[in-house]
Amino acid sequence: MSADSVEQLLQCALSELTERFVTHSHPVPAGLLEALDTDSRRGARELARRIRARQERNRSEGQRLRHLLKFEVELWEQGLTHVAGVDEAGMAPLAGPVVAAAAVLPKGYRLKGLDDSKKVLDAEKREELAVAIKRDAVAWAVGRAEVEEIDRINIYHAGLLAMRRAVEGLGLKPDFVLVDARKIPECPAPQRGIIKGDSLSMSIAAASILAKTTRDRLMAELDAQYPGYGLAAHKGYPTPQHVQALKEKGVLPIHRRSFAPVREALGLGPASTPSAMQTELFPTLPSATTKAT
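Residues numbered from 1 in each chain as written. Predicted model: local features only at pLDDT ≥ 70, side-chain atom pairs only at ≥ 80, totals over all residues. Heavy atoms only, no water.

1. Re the nonpolar core
With 31 residues, the main nonpolar core has Leu111, Leu114, Ile133, Leu178, Met202 and Ile209 as its most contacted residues. When contributions to this core are tallied by element, the ones reaching two or more residues are helix H4 (42–68), helix H5 (70–76), strand S1 (83–89), strand S2 (98–104), helix H6 (123–136), strand S4 (176–180) and helix H10 (202–225). Sequence-distant contacts of leucine 114, defined by excluding residues within four places in its chain, comprise Arg64, Leu65, Leu68, Leu129, Ile133, Met202, Ala205, Ala206 and Ile209. In terms of nonpolar packing, the next biggest core, distinct from the first, is built from 29 residues, Val86, Ala141, Leu161 and Val179 among them. (Core = buried A, V, L, I, M, F, W, Y, C linked by side-chain atoms within 4.5 Å. Buried < 20%, exposed > 50% of the residue type's maximum accessible area, 1.4 Å probe, protein only. Helix = DSSP H or I, 4+ residues; strand = E, 2+ residues; numbered from the N terminus. Contact = heavy atoms within 4.5 Å.)

2. Considerations on the UniProt feature "binding site: a divalent metal cation" (unreviewed entry) in the chain
UniProt's feature table lists "binding site: a divalent metal cation" (unreviewed entry) at Asp87, Glu88 and Asp180, given in the numbering used throughout. These annotated residues cover 94 residues of sequence, but their C-alpha atoms sit close together, with the largest distance between any two at 8.3 Å. Structurally, aspartate 87 can be placed in strand S1. Using a relative accessible area of 2% as the deciding quantity, one classes aspartate 87 as buried. Setting aside residues no more than four positions away along its own chain, aspartate 87 makes contact with Val99, Ala100, Ala101, Met163, Asp180, Asp198, Ile204, Ala207, Ser208 and Ala211. In this view, glutamate 88 contacts Val98, Val99, Ala100, Met163, Arg182 and Ala211; residues no more than four positions away in its chain are not counted. A polar atom in the side chain of glutamate 88 sits 3.2 Å from the side chain of arginine 182. (UniProt positions renumbered as here; feature names shortened; annotations may be inferred. Polar contact = N/O pair within 3.5 Å; in protein donor to acceptor, adjacent residues only side chain to side chain.)

3. Quick notes on the packing of aromatic side chains
Under the criterion given, the structure shown has 0 aromatic pairs. Over the ring of phenylalanine 71 we find lysine 70; its NZ or CZ atom is 5.8 Å from the centre of that ring. Sitting over the face of the ring of phenylalanine 259, arginine 256 holds its NZ or CZ atom 5.3 Å from the ring centroid. (Phe/Tyr/Trp six-rings, centres within 6.5 Å; stacked < 30°, edge-to-face > 60°. Lys NZ or Arg CZ within 6 Å of the ring centre and 35° of its normal.)

4. As for helix H12 (residues 240–249)
Buried within H12 we find His242, Val243, Ala245 and Leu246. Along the long axis of H12, the arc covered by the buried residues comes to 160 degrees, so they all point the same way. Exposed side chains of H12 directed beyond 90 degrees from the buried face belong to Lys247 and Glu248. Within two residues after H12, glycine 250 carries a phi angle of roughly 95 degrees, on the positive side. (Arc of directions from axis to C-beta.)

5. What to know about the packing of helix H2 (residues 14–23) against H4
Remark: H2 packs on H4, axes separated minimally by 10 Å, with the N-to-C direction vectors making an angle of 5 degrees. Taken together, the axes of H2 and H4 are roughly parallel relative to one another. When H2 is examined against H4, the residues Leu14, Leu17, Thr18, Phe21 and Val22 are found in contact with a partner set consisting of Gly43, Ala44, Leu47, Arg50, Ile51 and Arg54. A breakdown of the residues in the contact of H2 with H4 according to their chemical character gives 7 nonpolar, 2 polar and 2 charged. (Axes fitted to C-alpha atoms, helices over the stretch in contact; angles between N-to-C directions. Parallel < 35°, antiparallel > 145°, perpendicular 65-115°, else oblique. Nonpolar A, V, L, I, M, F, W, Y, C, P; charged D, E, K, R; others polar.)

6. Focus: the sheet that holds strand S5 (residues 191–194)
If you walk across this open sheet you meet the 5 strands as S3-S2-S1-S4-S5, and the pairing is mixed. Looking at the sheet topology across the chains shown, the edges are occupied by strand S3 (139–145) and S5. Within the sheet, the average angular offset between the axes of one strand and its neighbour, ignoring direction, is 20 degrees. Bridge count for S2 against S3 is 7 bridges, and the pairing is antiparallel. Bridge pairing in S3 links valine 104 to alanine 139. Helix-sheet contacts for helix H8 (residues 155–168) involve S1, S2, S3 and S4, and the interaxial angle to S3 is about 150 degrees. (Pairing = 2+ DSSP bridges.)

7. Examining the packing of H6 against H10
The contact between H6 and H10 brings their axes to 9 Å, and the two run at 120 degrees. In terms of their interaxial angle, H6 and H10 are classed as oblique. The way H6 lies across H10 gives a crossing that is left-handed. Taking contact as the criterion, the partners of Arg126, Glu127, Leu129, Ala130, Ile133 and Lys134 in H6 are, on H10, Ala206, Ile209, Leu210, Lys212, Thr213, Asp216 and Arg217. Looking at the contact of H6 with H10 residue by residue, the classes come out as 6 nonpolar, 1 polar and 6 charged. (Left-handed = near helix turned anticlockwise from the far one by under 90°.)

8. Some points on the pattern of salt bridges
One pass over the full model with this rule turns up 17 salt bridges. A salt bridge links glutamate 88 to arginine 182; the shortest N-O distance between them is 3.2 Å. Pair noted here: glutamate 88 is in strand S1 and arginine 182 is in the loop between S4 and S5, with a separation of 94 residues, a long-range link. When its relative accessible area of 14% is taken as the criterion, glutamate 88 is described as buried. Judged by relative accessible area, arginine 182 falls into the buried class, the value being 11%. Between arginine 126 and aspartate 216 there is a salt bridge, with the nearest N and O atoms lying 3.6 Å from each other. One end of the pair, arginine 126, is in helix H6; the other, aspartate 216, is in helix H10, and 90 residues separate them in sequence. (Salt bridge = Lys/Arg side-chain N within 4 Å of Asp/Glu carboxyl O.)

Below, the structure written as structure tokens:
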């Protein structure tokens, strides 16, 4: 952009320049920052600082997203186009199904702000990311395992079952599957389990967002069906509010009867053969500090 154009920009109100170059992140013309640095207005110099800070955040976000694509890029370079990321939500709650999602992203895809759903704390932001993923993905699907299945085969295997159902629901056979921390039995494609994969793979992070938002919406629907238990707030996790509601109001059909806090509310003893996952989740009963995530 010419010097005359920079001069024209300097005639604009600082609020307009802030809206253009900070709020909306428009490209900054050459020479504008230097001109703002030497502007006599204190607000102009502050605007230059804010623009540079925004540029640095954008660079850092770009580097983070490039790093998130490490596993996908390795597979794409081998000619494996359809790489599916898979993750689940709802292993620890006392109520509701476990939900898994699978997502196949376009080659080279980057979505600003995409991360492991546990790190995206704002529910509205998670929903925005979910909408973008569904819009942009080559394919996506969710799968679930119901409470009855959780009680019958245990939560660990139910989580794997939900994952397999998500992969099978994609509508295409993936060339490769990246899974958060485990491997899926009878998976229809080669796969790799990645420890903390939802923080290391963009495809798995996308799946974690889809699984989390899908399950959260489901728990809000169940809250309307079963008022008074706070399901929309704690999503079925064993918070003090939820445990107290179990004691006062009783156990619902959507509660997992193989989970010790529910069995305790029913006046039953411990399950005869608790799964390793459930033992890990509930070493002592109940945890008054457990948070919904």
